[in-house]
Amino acid sequence: MSFKIGILATGITPEELIETHGSYADMFMALFGRAGYDFDYDVYDVRDDVFPDSGAVCDAWIITGSKSNVYEKTPWMARLKDLILEIYDRGRPLVGICFGHQIVAEAFGADVNKYLPGWGVGLHTYQLEKNIQLEKDIPELASLGGQFTLNAVHQDQVLTKPKQAEVIAYSSFCPFAALQYDNRILTLQAHPEFNVDFETELLQARRDDPIPAEATDHALAGLGEASAHTDSLQVAHWMANFLLQKVER
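Chains are numbered independently. Their residues run from 1 in the order of the written sequence. Given that this is a predicted model, residues contribute local features only at a pLDDT of at least 70 and side-chain atom pairs are listed and counted only at 80 or more, while totals for whole chains, interfaces and linings are drawn from all residues. Here the side-chain values reflect all heavy atoms present in the structure, with hydrogen atoms and water set aside.

### What about the side chain of Thr 216?
The residue Thr 216 is located in helix H7 (residues 213-223) in this model. Setting aside residues up to four positions removed in sequence, Thr 216 forms contacts with Leu 203, Arg 207 and Ile 211. Numbering of helices and strands runs from the N terminus, with a helix taken as a DSSP run of H or I at least four residues long and a strand as a DSSP run of E at least two residues long. Two residues form a contact once any of their heavy atoms are found within 4.5 Å.

### Digging into the nonpolar core
Side-chain atoms within 4.5 Å are what join buried Ala, Val, Leu, Ile, Met, Phe, Trp, Tyr and Cys residues into a set we call a nonpolar core. Throughout this description, buried means an accessible area under 20% of the type-specific maximum (1.4 Å probe, protein chains only), exposed means over 50%, and partly exposed covers the range between. The biggest cluster of nonpolar side chains holds 43 residues, and the ones touching the most others in it are Phe 32, Leu 141, Phe 148 and Trp 238. Ranked by residue count, the leading element in this core is helix H8 (residues 232-244), at seven residues. Not counting the four nearest positions on each side in its chain, Trp 238 is found in contact with Ile 138, Glu 140, Leu 141, Phe 148, Ile 168, Ala 178, Leu 186 and Leu 188. In terms of nonpolar packing, the next biggest core, distinct from the first, is built from 31 residues, Leu 8, Val 70, Ala 165 and Phe 176 among them.

### Details of the pairing of strand E7 (residues 147-154)
With respect to burial, E7 is a largely interior element, seven of its eight residues being buried. A pair of strands is considered paired only if DSSP assigns at least 2 bridges between the two. In this sheet, E7 lies alongside strand E6 (residues 120-128) in antiparallel orientation, the contact comprising eight bridges. Across the sheet, Tyr 126 pairs through a bridge with Phe 148, a residue of E7.

### Brief notes about the packing of aromatic side chains
Working definition: a ring pair exists when centres of Phe, Tyr or Trp rings (six-membered ring for Trp) sit within 6.5 Å. Plane angles under 30 degrees give stacked, over 60 give edge-to-face, the rest tilted. Summed over all chains, the structure comprises 14 aromatic pairs. Relative to Tyr 181, the ring of Phe 108 has its centre 4.8 Å away and its plane inclined at 35°; by these criteria the two rings are tilted. Placement of the pair is Phe 108 in the loop between helix H4 (99-107) and strand E5 (112-114) and Tyr 181 in strand E10 (residues 178-181), with a sequence separation of 73 residues. Here Phe 108 matches Tyr 181 in class, with each residue buried. Considering the side-chain rings of Tyr 126 and Phe 148, the 5.6 Å spacing of their centres and the 40° angle between planes classify their relative orientation as tilted. Of this pair, Tyr 126 sits in strand E6 while Phe 148 sits in strand E7, and the two are 22 residues apart along the sequence. Neither residue differs from the other here; Tyr 126 and Phe 148 are each classed as buried. Linked through ring pairs, Phe 3, Phe 32, Tyr 37, Phe 39 and Tyr 41 together constitute an aromatic cluster.

### Quick word on the environment of Gln 147
Residue position: Gln 147 is located in strand E7. Sequence spacing of Gln 147 and Tyr 126 is 21 residues, and the spatial spacing of their C-alpha atoms is 5.5 Å. Setting aside anything within four residues of it in sequence, one finds Gln 147 in contact with Thr 125, Tyr 126, Gln 127 and Leu 128. Engagement of the side chain of Gln 147 in a polar contact is seen with the side chain of Gln 127, the distance being 3.0 Å. A 3.5 Å cut-off defines polar contacts: any pair of N or O atoms within that distance qualifies, except that in protein one atom must be a possible hydrogen donor and the other a possible acceptor, and neighbouring residues in sequence count only when both atoms are side-chain atoms.

Structural measurements only, silent on function.
This is the structure:
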């Protein structure tokens, strides 16, 4: 039986990188493919006001990253927040990444804005909360020793915890790095769909505009090390199993 994931595309890969790396939606499809999952997909360019008829038309949902800011409060963002709450009420699993992480938090009443310490870029390592029982709660990450590393590119952050959310992972730079809303929505600030090559090329293309050179150069130095890696495949299994969970329909 097929399992359909609806990808709510809130942004697109920069023009100079899309031919090599594909769109953000393509990156999710490729990541799940590398992890061994054969999902069906429908992509909705919600930033162009292309929305599904309802939250019931797909088995599960993903919200991508975006260069937009949730505090711009455009009409498509208001419509997306309504859809997020509908999907939550229907019990359809949803995963939000970066902008997706932020707009879900805002839909549930959190404050999202620019983070005063600045940009978070390059490889970031996040700690799982101490109350997480790895083998029981997130067995996909059990081999990583209570932490995981992903690429990040963000200036905005979730600044207050939504009441409905449980903090799953954090770092000293990003206190609300992963949030879970009941067993229905999982969101991450960082990008499991970004590999080291894409992150490197993205930061090179965005050095000084809009990302300050100092932050960019520090991140690029880490990405250039021989040991540079992400835990994207393990996180892909975590996301996939979350999306595949049996929930009341």
